[in-house]
Amino acid sequence: MSLSPVSSYQPLNEQTVKELAFKLNFFEEDADLSCQEIGDGNLNLVFQISEKGKNAIIIKQALPYAKVVGESWPLTVDRARIEADALKLQQIHAPDLVPQVFHSDELLAVTVMEDLSSLNILRTGLINRNPFPYLAEHIGTFLANTLYFTSDYALHPFKKKEYVKNFSNPELCKITEDLVFTDPFFNSETNDFEEELLPLLKDLWNNFTLKLEVAKLKKSFITESEALLHGDLHTGSIFADENQTKVIDPEFAFYGPIGFDIGQFFANLTFQAITREDTEGKEEILTILSDTWNVFSETFSQHWQESGDAYTKVNGYLEYVLNKAFQDSAGFSGCELIRRTAGLAHVADLDGIPEKDKRLNAKRKSLSLGRELILNRHTLSSIGELTQLIRKHSS
Ligand SMILES: Nc1ncnc2c1ncn2[C@@H]1O[C@H](COP(=O)(O)OP(=O)(O)O)[C@@H](O)[C@H]1O
Ligand SMILES: CSC[C@H]1O[C@H](OP(=O)(O)O)[C@H](O)[C@@H]1O
């Protein structure tokens, strides 16, 4: 039986979302509520509802299409169920690192959650050069806990397969398969770039060694059901300040290779290593990147000691798993750098640079670093070698 306050899906607006908040008893019936739609992402509606002097709540609703494109791009609202279920699981394994979910409704495709607007979206905070002293510790822990505890290394095989089924997310995965792994490596209609970048892009499109390596990464993304991924872990999916970090928006969650989340986070940090002009600023980012890896690998290794799987006691297996995740993360990171530079969905780190020459210079660095990361990922044997490669291409 559905506990939904409505009998069919309907897109909410600032009036009907208040009525929903009342029906769900988040406010007393005489409360004077204010409400704004604050969503700035590509896909969903996000309403902030508040009563003067009290904590606000967030009601996020999936539309039956991709908001950024419109009704010509239909998209399942089941992504709201996936997002709510992923947040609830992440809350168990990484408490304090995700927003609290107060309520979710599959029929209306809504998630009611904690309002985090006292924190900053990390991408904006990094562009504004705010300090995030706990970011590496928090994201390293988030990655280690959510990835380890949803994997076969930790779970009974029946439970793991139940999760794989629950988090089957074909439509959202298809977006990533197209926009991250395919379109930017071909002269596709969805691509979006300044014409000055065309010669460099043609070099990528004609580089068959590169295409073979991207095909291998895409195969890994599609076929390796290693752990429950966040699936879209960029710096716009993280709220943070000097003390706290909260990961939001796991609607792309599905079972995939561990290195994918790590690589997306690395790439989105790397835009800052590229665009910051001072060495100190660049080094600050590279330190966050390498500290995140170190926290991730140490925490993941500690969890591994508790695994019940007989093979986890075999010498060399943990090192193999971590090394694969590390080299994959470099390759996935390369794909993310290229797609955010020349694909459909861009980032403010690059597009927000007002001076054309500087912007193009940063984009050229991003494209060439992306290519190097994809081609040379198997030569990287330590986090220091990865940060050195980024340093070389971003100076
Ligand atoms: N829990 C929250 N608290 C405060 N603001 C939020 C919250 N969740 C989302 N937002 C706001 O809505 C924006 C879009 O949210 P997001 O979940 O990324 O949507 P989309 O799935 O469309 O990308 C965020 O950038 C942020 O400004
Ligand atoms: C048409 S979806 C493009 C892009 O948007 C998603 O990001 P977000 O929902 O955080 O704005 C995801 O990265 C998709 O690849």
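Just so it is clear, the structure is predicted and the values come from calculations on it, not from any experiment. (Residues numbered from 1 in each chain as written. Chains lettered and ligands numbered in written order. Predicted model: local features only at pLDDT ≥ 70, side-chain atom pairs only at ≥ 80, totals over all residues. Heavy atoms only, no water.)

Trainee: Mind showing me how you'd approach the site of ligand 1 here?
Mentor: Near ligand 1, the surroundings consist of 20 residues, among which Asp-40, Asn-44, Lys-60, Leu-116 and Glu-251 are the closest. Interatomic distance of 2.7 Å between a side-chain N/O atom of Asp-40 and an oxygen atom of ligand 1. Contact distances for ligand 1 include 2.8 Å between a nitrogen atom and a backbone N or O atom of Leu-116. Look at ligand 1: alone it shows 550 Å² of surface, and the protein chains cover 92% of it. Elements that contribute at least two residues to the shell around ligand 1 include exactly strand S2 (44-51), strand S3 (57-62) and strand S7 (110-114). Considered class by class, the residues forming the shell around ligand 1 number nine nonpolar, five polar and six charged. Two domains each provide a minimum of three residues to the shell around ligand 1, namely domain 1 (14-114) and domain 2 (120-394). (Near = heavy atom within 4 Å. Polar contact = N/O pair within 3.5 Å; in protein donor to acceptor, adjacent residues only side chain to side chain. Areas by Shrake-Rupley, 256 points an atom, 1.4 Å probe, with all protein chains shown as cover. Helix = DSSP H or I, 4+ residues; strand = E, 2+ residues; numbered from the N terminus. Nonpolar A, V, L, I, M, F, W, Y, C, P; charged D, E, K, R; others polar. Domains from an automatic or database assignment.)

Trainee: Explanation requested: the site of ligand 2 in the structure shown.
Mentor: Around ligand 2, a shell composed of 15 residues is seen, among which Asn-42, Asp-232, His-234, Arg-339 and Arg-340 lie nearest. For ligand 2, an oxygen atom lies 2.8 Å from a polar atom in the side chain of His-234. Asp-249 is positioned such that a nitrogen or oxygen atom in its side chain is 3.3 Å from an oxygen atom of ligand 2. When isolated, ligand 2 has an accessible area of 400 Å², and the protein chains bury 95% of it. Here the shell around ligand 2 is built from residues that sort into seven nonpolar, three polar and five charged. No fewer than three residues from each of domain 1 (14-114) and domain 2 (120-394) sit in the shell around ligand 2.

Any functional reading would require information beyond the geometric quantities listed.
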